[in-house]
Amino acid sequence: KSNAWEAENRDRKVIPTMGDYFIHRPFFSGGQLSISLTPLVMDCNYSEIKDAFAKSKAIRALAAKLIFITNDLFSYEKEKRIGDFHNLMILKIHHEHIKEDRAREEIMRFHRQTLMEFNKQAEVFRKSKSPTEQELLKQIEFKISGAASWSLYDTSRYHKLLNEEE
C-alpha cells in the first residue's frame, strides 16, 4: 500500500503532507521490511521466537523509523537534485518554510530522541534472561547499522557525501 502511495505521488507530482509521510515512510523505505524479516535470519523455528517477536513490536517500529530518518538525511542532496519530495528534509523545508540547516538540526534532534527511546527499550531486551530476546535485539541492531552502512558505502547514491564521483 505504501509503495503504491509513493509511486502515485511521484506520478502525479503530489507533495505529501508530513502526517501522510510519517504514516507511509517506514513501509516504503525497506526498513520495516528488513526488520519484519528478522526471524528468517535467526537460527531457530518461528515457534521459538514468536513471543519475543510479538514483544518487540514497539522497538521494531523505532528501528524502522531510525532507518528512514538516517536514509533521508543521507539521500537529501540526491532527492533534492531529482525533485523527489519523499524525503523528510525536503518536506520540512517545504511545509515549514525553514532553511536547510535548521531542518537538518531538527531532524538530527528527532533522530537522537528516537535513538534514545530505542536504547531505552533495547535495555529491556539486553537485561532479559531469554537468549532469544537478546539475539532478536542484536539482529534488529544489525539491520539499523547495516542500512546506514549500505547507504554510505555499498551504493553510488550517496557518494557525494564521501566526496567521490558517482
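Look a little higher up for the structure.
The notes below deal with the structure included here. Counting from 1, residues in each chain are numbered in the order their sequence is written. Per-residue local features are limited, in this predicted model, to residues with pLDDT of at least 70; the limit for side-chain atom pairs, both in listing and counting, is 80 or more; totals at the level of whole chains, interfaces and linings are taken over all residues. Note: side-chain values were computed over all heavy atoms of the structure, leaving out hydrogens and water.

1. A look at the overall build of the protein
Next up, step 1: Runs of E in the DSSP output that reach at least two residues are strands. Runs of H or I that reach at least four are helices, and both are numbered from the N terminus. Across its full length, the protein holds 9 helices and 0 strands.
Next up, step 2: When its helices and strands are written in sequence order, the protein yields α-α-α-α-α-α-α-α-α.
Next up, step 3: Contact criterion: two residues are considered in contact whenever any of their non-hydrogen atoms come within 4.5 Å of each other. Taking contacts inside the protein between residues at least 6 apart in sequence as the whole, the part at least 24 apart equals 62%.
Next up, step 4: Per-residue and other accessible areas follow the Shrake-Rupley method at a 1.4 Å probe size, with only the shown protein chains counted as cover for residues. Carbon and sulfur atoms provide 54% of the accessible area of the protein, an area that totals close to 9900 Å².

2. Quick look at helix α2 (residues 18-28)
Next up, step 1: For α2, the set of buried residues is M18, Y21, H24, R25, P26 and F28.
Next up, step 2: Downstream of α2 by one or two residues, G30 has phi in the positive range, about 90°. For every residue, the accessible area (1.4 Å probe, protein chains only) is compared with the maximum for its type, and the residue is labelled buried under 20%, exposed over 50%, or partly exposed between those bounds.

3. Focus on the nonpolar core
Where a protein is soluble and globular, its nonpolar side chains tend to be buried together.
Next up, step 1: In this description, a nonpolar core means a group of buried Ala, Val, Leu, Ile, Met, Phe, Trp, Tyr and Cys residues linked to one another through side-chain atoms lying within 4.5 Å. Among the nonpolar cores identified, the biggest contains 17 residues, and I59, F118, L136, I140 and I144 are the most heavily contacted of them.
Next up, step 2: For this core, the elements supplying multiple residues, two or more each, are α5 (46-55), α6 (57-82), α8 (100-126) and α9 (131-154).
Next up, step 3: In this view, F118 contacts I59, L62, A63, L66, L137, I140, E141 and I144; residues no more than four positions away in its chain are not counted.
Next up, step 4: In this structure, W5, Y21, I98 and A103 belong to the second largest nonpolar core, which totals 15 residues.

4. Examining unusual backbone geometry
Next up, step 1: For H97, which is not a glycine, the phi torsion comes out positive at approximately 55°.
Next up, step 2: Relative to the helices and strands, H97 is located in the loop between α7 (88-96) and α8.

5. Comments concerning the environment of F85
Next up, step 1: Mapped onto the elements of the fold, F85 is located in the loop between α6 and α7.
Next up, step 2: In this structure, the C-alpha to C-alpha distance between F85 and I15, residues 70 residues apart in sequence, is 6.0 Å.
Next up, step 3: Those residues in contact with F85, other than ones at most four positions away along the chain, are I15, P16, I90, L91 and H94.

6. Examining the packing of α6 against α8
Next up, step 1: In this analysis an axis means a line fitted to C-alpha atoms, helices contributing only their contacting stretch, and an angle means the value between N-to-C directions, from 0 to 180 degrees. It is at 9 Å that the axes of α6 and α8 come closest, and there the two elements cross at 155°. The angle between the axes of α6 and α8 places the two elements in the roughly antiparallel class. Relative to α8, the crossing made by α6 is left-handed.
Next up, step 2: Residues were grouped as follows: Ala, Val, Leu, Ile, Met, Phe, Trp, Tyr, Cys and Pro as nonpolar; Asp, Glu, Lys and Arg as charged; and all remaining residues, including Gly, as polar. Each residue belonging to the contact of α6 with α8 can be placed in one class, and the counts come to 15 nonpolar, 4 polar and 6 charged. Should an angle lie under 35 degrees it is considered roughly parallel, over 145 roughly antiparallel, and from 65 to 115 roughly perpendicular; all remaining angles are considered oblique. The crossing is said to be left-handed when, going from far helix to near helix, the turn is anticlockwise and less than a right angle, and right-handed when the turn is clockwise.

7. Some details on the packing of aromatic side chains
Next up, step 1: Under the pairing criterion, centres of Phe, Tyr and Trp rings, with the six-membered ring standing for Trp, must be within 6.5 Å; the plane angle then separates stacked pairs below 30 degrees from edge-to-face pairs above 60, leaving the rest tilted. Within the structure shown, the criterion is met by 5 aromatic pairs.
Next up, step 2: Taking 6.4 Å as the distance between ring centres and 70° as the angle between the ring planes, the aromatic pair formed by Y46 and F53 counts as edge-to-face.
Next up, step 3: What links up through ring pairs into an aromatic cluster is the set Y21, F22, F68 and F110.
Next up, step 4: Charge-over-ring placement is defined geometrically: NZ (Lys) or CZ (Arg) within 6 Å of the ring centre, and within 35 degrees of the ring normal. Over the aromatic face of F125 sits the side chain of K55, whose NZ or CZ is 5.5 Å from the ring centroid.

8. Topic: the environment of L115
Next up, step 1: Mapping L115 onto the fold places it in helix α8.
Next up, step 2: By relative accessible area, which is 34% here, L115 ends up partly exposed.
Next up, step 3: As for L115 and A63, which are separated by 52 residues in sequence, their C-alpha atoms are 8.4 Å apart.

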